[in-house]
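Here is what each chain is made of, one letter per residue.
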Amino acid sequence: MYRTPLPVCVIPPPLRRSLALALSLIQMMDTQKEALCRIISTLANKNEELQSFLEAVDNTLTGLQEESLKVTTELEAELEHLSSTLEERGAALRDAIKEEKQRKEAGLQKQMAEGGAALLSCEELLEFANQTLTITNEEEFLKAAKQIKERVTMAPAFRLTTRPVASENMSQFNVDFSAERAGLQRLHFLPVPRAPQIDVSSCVVCDNDITVAWQPAGEAEGDGERIERYELEYRKTNRDNSLRAAGDACWEKILDISDTRVTISGLKFDTRFVVVRVRAKNKAAAGEFSEPVAVETRAFNFGFDAVTAHAELKVQGDTVTWEPQGVKGHDPRLRGKENKSSSRSATPSPNKSAGSRAGRDRFAGESYTVLGDMEMVAGCHYWELRPLADWKSFSVGVAYRASLGRFDQLGKSAGSWCLHASQWLQSSLAAKHNNKAKALDWPLPQRIGVYCDYDNGDLSFIDVERRRLVHSFKTKFSQPLLPAFTVWCGGITIVTGLQVPSFMVWTSIDNCISVCFYFEDVLILSVSSGFYFD
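Residues numbered from 1 in each chain as written. Predicted model: local features only at pLDDT ≥ 70, side-chain atom pairs only at ≥ 80, totals over all residues. Heavy atoms only, no water.

A word on the overall build of the protein. For the protein, the helix and strand inventory stands at five helices and 24 strands. For the protein, the residues scored as buried account for 33% of the 534 residues in total. By element, 53% of the accessible surface of the protein is carried by carbon and sulfur atoms, the whole surface being about 33500 Å². (Helix = DSSP H or I, 4+ residues; strand = E, 2+ residues; numbered from the N terminus. Buried < 20%, exposed > 50% of the residue type's maximum accessible area, 1.4 Å probe, protein only. Areas by Shrake-Rupley, 256 points an atom, 1.4 Å probe, with all protein chains shown as cover.)

Right, let's get into the pattern of salt bridges. Per the stated rule, a full pass over the model turns up 13 salt bridges. Notably, a salt bridge pairs Arg-386 with Glu-384, separated by 3.5 Å at the nearest N-O pair. Residue Lys-474 is joined to Asp-458 by a salt bridge in which the shortest nitrogen-to-oxygen separation is 3.0 Å. One end of the pair, Lys-474, is in strand β19 (residues 468-474); the other, Asp-458, is in strand β18 (residues 458-463), and 16 residues separate them in sequence. Overlapping salt bridges, with partners in common, bring together Glu-233, Lys-253 and Arg-277 in one network. (Salt bridge = Lys/Arg side-chain N within 4 Å of Asp/Glu carboxyl O.)

In regions of low pLDDT, the predicted coordinates are not meant to be interpreted in detail. Put simply, the protein has an average pLDDT of 82, and 83% of its residues get 70 or more. The low-confidence segment residues 219-223, where pLDDT is below 50, has five contacts with residues more than four positions distant or belonging to other chains. This stretch, residues 327-359, has a pLDDT under 50; its non-local contacts, to residues over four places away or in other chains, come to 49 contacts. (pLDDT = per-residue confidence, 0-100. Contact = heavy atoms within 4.5 Å.)

In this section: the sheet that holds strand β17 (residues 448-453). Ordered by their spatial adjacency, seven strands build an open sheet running β9-β10-β21-β12-β17-β18-β19, and the pairing between neighbours is antiparallel. Edge positions in the sheet fall to β9 (313-316) and β19, since each has one partner strand and no second. The average undirected angle you get between the axes of adjacent strands in this sheet is 20 degrees. In this sheet, β17 lies alongside strand β12 (residues 380-387) in antiparallel orientation, the contact comprising six bridges. Its bridge partner being in β17, Glu-384 is matched across the sheet by Gly-449. (Pairing = 2+ DSSP bridges. Axes fitted to C-alpha atoms, helices over the stretch in contact; angles between N-to-C directions.)

Attention shifts here to the sheet that holds strand β5 (residues 252-257). Reading across from one edge, β5-β4-β7-β8 is the order of the four strands in this open sheet, with antiparallel pairing throughout. What marks the edges here is a single partner per strand, and that holds for β5 and β8 (293-296). On average, each strand axis in the sheet is inclined to that of its neighbour by 25 degrees, with strand direction left out of account.

The next subject is the state of the cysteines. Applying the stated criterion across every chain yields a total of zero disulfides. The cysteine Cys-380 is free of any disulfide, with Cys-452 supplying the nearest cysteine sulfur at 8.3 Å. (Disulfide = S-S within 2.5 Å.)

Let's shift gears to the side chain of Arg-277. Its location among the elements puts Arg-277 in strand β7 (residues 273-281). For Arg-277, a relative accessible area of 19% gives the class buried. At a separation of 2.7 Å, a polar atom in the side chain of Arg-277 contacts the side chain of Glu-233. Aside from chain neighbours lying at most four places away, what touches Arg-277 is Ile-198, Glu-231, Leu-232, Glu-233, Trp-251, Phe-289, Ser-290 and Pro-292. (Polar contact = N/O pair within 3.5 Å; in protein donor to acceptor, adjacent residues only side chain to side chain.)

This paragraph deals with the nonpolar core. Trp-383, Val-396, Leu-459, Leu-481 and Phe-485 are the most contacted members of the largest nonpolar core, which totals 41 residues. For Leu-481, the contacting residues outside a window of four places in its chain are Met-374, Glu-375, Met-376, Val-398, Ala-399, Tyr-400, Trp-417, Cys-452 and Tyr-454. Cys-203, Leu-232, Val-293 and Val-295 belong to the second largest nonpolar core, which has 20 residues in total. (Core = buried A, V, L, I, M, F, W, Y, C linked by side-chain atoms within 4.5 Å.)

Attention now moves to a nonpolar patch on the surface. The grouping of Leu-75, Leu-79, Leu-82, Leu-184, Leu-187 and Phe-189 at the surface amounts to a nonpolar patch, some 570 Å² of accessible area in total. Top contributing element to the nonpolar patch by residue count: helix α1 (residues 13-132), with three residues. Relative to the elements of secondary structure, Phe-189 occurs in the loop between α3 (178-185) and β1 (197-198). (Patch = residues over 30% accessible without salt bridge, like charges linked within 9 Å, V, L, I, M, F, W, Y side chains within 5 Å.)

Of note, Leu-425 is a non-glycine position whose phi angle comes to about 65 degrees, a positive value. With respect to the helices, strands and loops of the structure, Leu-425 is situated in the loop between β14 (416-422) and β15 (428-433). In this structure, Arg-467 takes a positive phi of about 55 degrees despite not being glycine. You can see Arg-467 is positioned in the loop between β18 and β19.

Bringing a negative patch on the surface into the picture now. A contiguous patch of negative charge on the surface is contributed by Glu-66, Glu-67, Glu-74 and Glu-78. Mapped onto the secondary structure, Glu-74 falls in helix α1. Take Glu-74: its relative accessible area is 42%, and that puts it in the partly exposed class. (Lys, Arg positive; Asp, Glu negative; His and termini not counted. Charge placed at Lys NZ, Arg CZ, Asp CG, Glu CD.)

The next subject is the environment of Cys-122. With respect to the secondary-structure elements, Cys-122 resides in helix α1. A sequence separation of 35 residues divides Cys-122 from Ala-157, and the C-alpha atoms of the two residues are 6.6 Å apart.

On to the side chain of Ser-472. Relative to the assigned elements, Ser-472 resides in strand β19. Judged by its relative accessible area of 0%, Ser-472 is buried. There is a polar contact of 2.7 Å between the side chain of Ser-472 and the side chain of Ser-460.

Looking now at the environment of Arg-261. Looking at where Arg-261 falls in the secondary structure, it is placed in strand β6 (residues 261-264). Each C-alpha atom of the pair Arg-261 and Tyr-230 lies 9.3 Å from the other, and the pair is 31 residues apart in sequence.

Turning our attention to the layout of surface pockets. In this structure, the largest pocket spans a volume of roughly 2000 Å³. Around the largest pocket, the lining comprises 42 residues; the ones closest to its centre are Glu-67, Val-71, Arg-279, Ala-286 and Glu-288. The set of elements that each furnish at least two residues to the lining of the largest pocket consists of α1, β4 (229-237) and β7. In terms of residue count, α1 provides more of the lining of the largest pocket than any other element does, 18 residues in total. Classifying every residue of the lining of the largest pocket by side-chain character gives 18 nonpolar, ten polar and 14 charged. (1 Å grid on protein atoms, 1.4 Å probe; cavity = no way out; pocket = protein on both sides within 12 Å on 5 of 7 lines; lining within 4 Å. Points joined across faces, edges and corners; volume = space filled by probe spheres on them. Nonpolar A, V, L, I, M, F, W, Y, C, P; charged D, E, K, R; others polar.)

Taken across its nine residues, β7 has seven buried, putting it largely inside the fold. Taken together, the nine bridges between β4 and β7 define a ladder with antiparallel strand orientation. Note that in β7 the partner of Arg-235 across the bridge is Val-275. Both β7 and β8 contribute to a ladder of four bridges, which runs antiparallel. Residue pairing in the sheet places Phe-273 in a bridge with Glu-296 of β8.

Given below as structure tokens:
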């Protein structure tokens, strides 16, 4: 059968050139747009940096004004106190001179009174003696002479000391304040310790603790003033400099540090860095802060993705609880009575709720599952799970998001691995993957650590309180992983932002995964015999 050939479209050369030019212009525009986007990103970052810088300068200016007013007020108070002390001391010295003068005056006045009385008595006796010399009668003369002799013996003039009881000398009260004046001339501000220098090589980040060490300010600066205490400040940030960006935390303080190192304990590593700085304090003054140092605090930090949570799971912060929606069969006490004769060891699933589903990403049916909101695509990651007091059944592990359907349960697909714990009817602990389960002879842990080494394909579950390896999976991860959890009856809480604990040392022995724990200085070796799924 003959077919008419399709006509060939021939583009005239002018039009071809025009199209080529237009295509070239489009490519140039795309290139320029990419360059412009990079410039815009750079300018935006610089704008944010400048805003943070201006905010820091403004805060510093405000702090300078407040600090200047404070030290000026303290100076005036000290000068007033110094003047008051000088007045008090001067009054005390004047009182001492006055008291000595009064004492001497009283003694001399008493001597003058006694001397005057003695002089009057002596003059009367002299006049009587002169009169006696004129007596011609012998008997009267002898009688008068006897009286004179007796009166001379008892005369005050002969019992009176003729030396002044006090002298006019007051030289013991002379003063010379030349040394004090020289001291006042030397009055100056207190010697302020200079800034210490943080020893970055001696700073250690381990088990979510940061140990900060620094060179002693006095030794480094040659300052004669004794350093009595140090003060350290730290804050979390996602920037590696000291400028505070919007959303950064305020400075936290550790006061009265007597050593040249301190450990900041119990941190949650939910930012990229923790910036630290330290300053020295002597008896009355604090010096400048050291140059801030940004300590890297990377850790796996995630939360529950509430969008994926089953309708009967309530997500609240780091806690998820199972809250049935009014179905009688959900009451574990009633179900317990109905199943007393049951010999199944697996956890029974409650009846499906008739409630509505919130979105296509939400798990449904008997898959009481919720995922984490942060993917793992490389590196080592660690987090912990703690069941609440009323728990009955839960699973914890990892999964490929694409491999889990809305009704799929953890451990029943090739793309999910989990540790399943149950104390419904009887206690059980099992490792599950690809619809296979391995019962584990281990007490139900109250604190489970989950370690995932994406690059080496290791997934391990640790009984943290006993510091023992419960189980390990060995595989090869090929897709992004998400933390995954199943909760039925009760609840769990997670702790994230944790580093891989220092008590864990991973080795490989004869195709087995072993983990060594340093517990109270004793090396404990725990080996998992190879429940592997590829």
